[in-house]
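# Chain and residue survey
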Amino acid sequence: MNIRKVLLLVVVVLGIAAFFVFDLGRYLSLDYLKQSQAAFAEVQARAPLQVALAYFAIYVAATALSLPGAAIITLAGGALFGLLWGTVLVSFASSIGATLAFLVSRFVLRGSVESRFGPRLAEINRGIEKDGAFYLFTLRLIPVVPFFVINLVMGLTAMKARTFYWVSQVGMLAGTIVYVNAGTQLARLESLQGILSPALLGSFVLLGLFPLIARRIVEAVRKRQVYARWKHARPARFDRNLIVIGAGAGGLVSAYIAATVKAKVTLVEAHKMGGDCLNYGCVPSKALIKSAALAHQMRHGTTYGLSDTTPAFSFKAVMQRIHDVIRAIEPHDSIERYTGLGVEVLQGHAKLTSPWTVEIALNGGGTQTLSARSIVIAAGARPFVPPLPGLEDSGYVTSDTMWETFAERDELPRRLVVLGGGPIGCELAQAFARLGSQVTQVEMAPRIMLREDEEVSELARLALQADGVDVRTGHKALRCERVDGEKLLVVEHGGAEQRIAFDELICAVGRSARLSGYGLEELGIPTGKTIETNEYLQTLYPNIYAAGDVAGPYQFTHVAAHQAWYAAVNALFGDFRLFKADYRVIPWATFIDPEVARVGLNEQEAKERGIAVEVTRYGIDDLDRAIADSEARGFVKVLTPPGKDTILGVTIVGSHAADLLAEYVLAMKHGLGLNKMLGTIHTYPTLAEANKYAAGEWKRAHAPQKLLAWLGRFHDWRRG
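These remarks concern the structure in this document.

The rules behind these values
Residues numbered from 1 in each chain as written. Predicted model: local features only at pLDDT ≥ 70, side-chain atom pairs only at ≥ 80, totals over all residues. Heavy atoms only, no water. Core = buried A, V, L, I, M, F, W, Y, C linked by side-chain atoms within 4.5 Å. Buried < 20%, exposed > 50% of the residue type's maximum accessible area, 1.4 Å probe, protein only. Helix = DSSP H or I, 4+ residues; strand = E, 2+ residues; numbered from the N terminus. Contact = heavy atoms within 4.5 Å. Salt bridge = Lys/Arg side-chain N within 4 Å of Asp/Glu carboxyl O. Patch = residues over 30% accessible without salt bridge, like charges linked within 9 Å, V, L, I, M, F, W, Y side chains within 5 Å. Areas by Shrake-Rupley, 256 points an atom, 1.4 Å probe, with all protein chains shown as cover. Lys, Arg positive; Asp, Glu negative; His and termini not counted. Pairing = 2+ DSSP bridges. Axes fitted to C-alpha atoms, helices over the stretch in contact; angles between N-to-C directions. Parallel < 35°, antiparallel > 145°, perpendicular 65-115°, else oblique. Left-handed = near helix turned anticlockwise from the far one by under 90°. Nonpolar A, V, L, I, M, F, W, Y, C, P; charged D, E, K, R; others polar. Phe/Tyr/Trp six-rings, centres within 6.5 Å; stacked < 30°, edge-to-face > 60°. Lys NZ or Arg CZ within 6 Å of the ring centre and 35° of its normal. Polar contact = N/O pair within 3.5 Å; in protein donor to acceptor, adjacent residues only side chain to side chain.

## Considering the nonpolar core
- Ranked by internal contacts, the top residues of the largest apolar core, which has 41 residues, are Leu288, Phe432 and Ile506.
- Counting only elements with at least two residues in this core, the list comes to helix H11 (282–299), helix H12 (315–329), helix H15 (402–407), strand E8 (415–419), helix H16 (423–435) and helix H17 (454–466).
- Among the elements that line this core, the one with the most residues is H16, at 7 residues.
- Apart from residues no more than four positions distant in its own chain, Ile506 is found in contact with Val397, Met402, Phe406, Leu416, Val417, Val418, Leu419, Leu428 and Phe432.
- Val268, Trp356, Leu520 and Ile531 belong to the second largest nonpolar core, which has 29 residues in total.

## Concerning the pattern of salt bridges
- Overall, the coordinates contain 36 salt bridges when judged by the stated rule.
- Ionic pairing is found between Arg617 and Glu455, a salt bridge with its closest N-O pair at 2.8 Å. Separated by 162 residues along the polypeptide, Arg617 in strand E19 (residues 614–619) and Glu455 in helix H17 bring together distant segments of the chain.
- Accessibility expressed as a relative area gives 41% for Arg617, which makes it partly exposed.
- In this structure Glu455 comes out as partly exposed when scored by relative accessible area, which is 28%.
- Taken together, the salt bridges that share partners define one network made up of Asp453, Glu455, Glu603, Arg617 and Lys637.

## Quick look at a nonpolar patch on the surface
- A cluster of nonpolar side chains, contributed by Leu84, Trp85, Val88, Phe92, Ile96, Leu100 and Leu103, occupies part of the molecular surface with about 640 Å² of accessible area.
- Inspection of the secondary structure assignment puts Leu103 in helix H4 (residues 70–141).

## A word on the side chain of Asp549
- Turning to its location among the elements, Asp549 is positioned in the loop between strand E16 (544–546) and helix H19 (557–573).
- It is Arg511 that comes nearest to the buried, bridge-free Asp549 among opposite-charge side chains, at 4.5 Å.
- Apart from the residues within four sequence positions on either side, Asp549 is in contact with Gly380, Ala381, Arg511, Ala513, Thr530, Tyr554, Gln555 and Phe556.

## Focus: the pairing of strand E14 (residues 504–507)
- Residues Glu504 and Ile506 line one face of E14 and the alternating positions Leu505 and Cys507 line the opposite face, and both faces are buried.
- The pairing of strand E7 (residues 397–398) with E14 spans 2 bridges and is parallel. Residue Val397 lies in a different strand from E14, and its bridge partner there is Ile506.
- Sheet analysis places E8 next to E14, joined by 4 bridges and oriented parallel. By the bridge assignment, Val417 is partnered in E14 with Leu505.

## Considering the packing of H11 against H12
- In the contact formed by H11 and H12, the axes pass within 9 Å of each other and the chain directions differ by 135°. In terms of orientation, H11 lies oblique with respect to H12. H11 and H12 meet at a crossing whose hand is right-handed. Contacts between H11 and H12 involve Val283, Pro284, Ala287, Leu288, Lys290 and Ser291 from the former and Val318, Arg321, Ile322, Val325, Ile326 and Ile329 from the latter.
- Among the residues making up the contact of H11 with H12, the classes are represented as 9 nonpolar, 1 polar and 2 charged.

## Notes on the packing of aromatic side chains
- Applying the stated rule across the entire model yields 16 aromatic pairs.
- Ring geometry for Tyr554 versus Trp588: centroids 6.3 Å apart, planes at 35°, classification tilted. With a gap of 34 residues between them, Tyr554 in the loop between E16 and H19 and Trp588 in strand E17 (residues 587–590) connect regions that are remote in the sequence.
- Through pairs of rings, three or more aromatic residues link up here, namely Tyr554, Phe556, Tyr583 and Trp588.
- Looking at Arg409, its charged tip hangs above the ring of Phe406, at a distance of 6.0 Å from the centre.
- The side chain of Arg617 reaches across the aromatic face of Phe635, ending 4.0 Å from its centre.

## Description of the side chain of Ser457
- In this structure, Ser457 sits in helix H17.
- For Ser457, a relative accessible area of 3% puts it in the buried group.
- Within polar-contact distance, the side chain of Ser457 engages the side chain of Arg447 at 2.6 Å.
- Within polar-contact distance, the side chain of Ser457 engages the backbone oxygen of Ile448 at 2.8 Å.
- When sequence neighbours within four positions are dropped, the list of residues in contact with Ser457 reads Arg447, Ile448, Met449 and Glu452.

Right under this line is the structure:
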């Protein structure tokens, strides 16, 4: 806390202390006011302007310091100045005083509150940004809510001061008029309770609810406007309760939930069941990584007391194993399984023709048109291919096409360029290098895995280079060329051009949502990089939802499945209650060796957001099981608010980091701190003990040193 905050806090405390020390509260009673009314009126008659200014200043000070007695001061305004001028003085004085209290709370307390409750406050601030004025107006209209509490609490949020002022000015006006009018009838007033009769309180409550009711009315009107041009297209009855477009993770989970609650649901998929994850992403890449890891272990057998062996293998057999793995998992996502669950599965290309109607061009020929009360779009994403001159002529593969293309090859690509330094690019670069390819990884940014902390990026770079990957960061791809039959990638670095020869090039620079070809344009559904949705995953049309990669903001299979629950439940039961998608605790991992896994904040994000954090670190090189497995590298890094054990974020680098992360995901989801984790028994010897030891490092750093010193003296005394 800086000196200005301290001085302001001292002034506020002294003001409040003076109020109680000098017993100024005795002047703020109804009896005193009634007894002194005549004397006040006489003074007011002699010097009306001075009395009005003094009254105004006293009201502002009392409100700014959150002192009791505002109701009595308001009554005095009516008694002294009448209904009109009393209302004017009280209205402006109370609003200015409330805003001063708001600003004092923000200046003195907000920083420390943000440092302790940053993520929770961020969620509140998002709501305040969207609906804060509505909620404040409602609270101001209901006089049973203490206004000083509202002033102080709102100061901790991101609400703008001018918004707070004008909403308070308008919102408190009705209550001000009631109290000022009561002050004009002071002689007949027996108690403060007499001002607010049950009927009047009920009226205020109804008045307070009016903004929320009005908002619902506005939403209903907007909804009618959105559907206005389709009013003649709405079916009298619907063929289905739900139609789901896309059979990736998001679509499969949406259809599964609908079938589970006995809704009539149709799932439409144009290509392969299981979507990108099963056929092109998570499953085949992890199968490739496993084969590459085994080849790496064989080459480094001496690490385990064995002989180093150069693995002999057929690349075609490696690719065949990958396709065998896909086929082994396919039944989990198959048409037969989902049909057995009660889902109608249609293979074809779906296109929205109205907010309730989908036209399906069936793969077997013909079309089918179905209507549904609600629709979930889960069309996924595709690899982004940069517009590099010469790329098409030179040829390339993506994380989607490489599995079929490489399956036809007898030999491993000898010289391989991986374009992109994100998770996909890093995983593929390391895997092919371990199998024996000469891999060059090209990344335009100054480091790979840019979303991770710098030390994590550096560890990833060193790990890839140790496996033979030529990692070139800060290299911008310009074009592809063919010179004497050799394919070249031309890059720019440090102002000079370089040429990298390659036999195969993998584009792994990211993925873009599938936004065209299924009717979004015709319906006017807004899109950016993804389909625009609200917090309930609703699009422009409240009955049309989006989930998964096509909706963002994360392109993870587990997030798509998570969103699908909200999309399906809201689609089927949203007329009764809508659920906001919850992104507070999202884990992700990059499956290089060592693995990189993260949940919540990391250090660079905390710095960018201005969130004060304390970093606790445990080196996995000290862990018994990691040493026994010859995997003694990496670390667990936990971010907490200063002095507290609340987990704000965790980064783990090491063997099976993604598996170790699950304990932290559970802890963050359910508000468990490091003390709870430290008190949990972990099996010995396991890698999971790293989590307990990280908690132990935090505990050691917060040990009560003075108490321990006294305990040392106590034990000395016990020994005599």
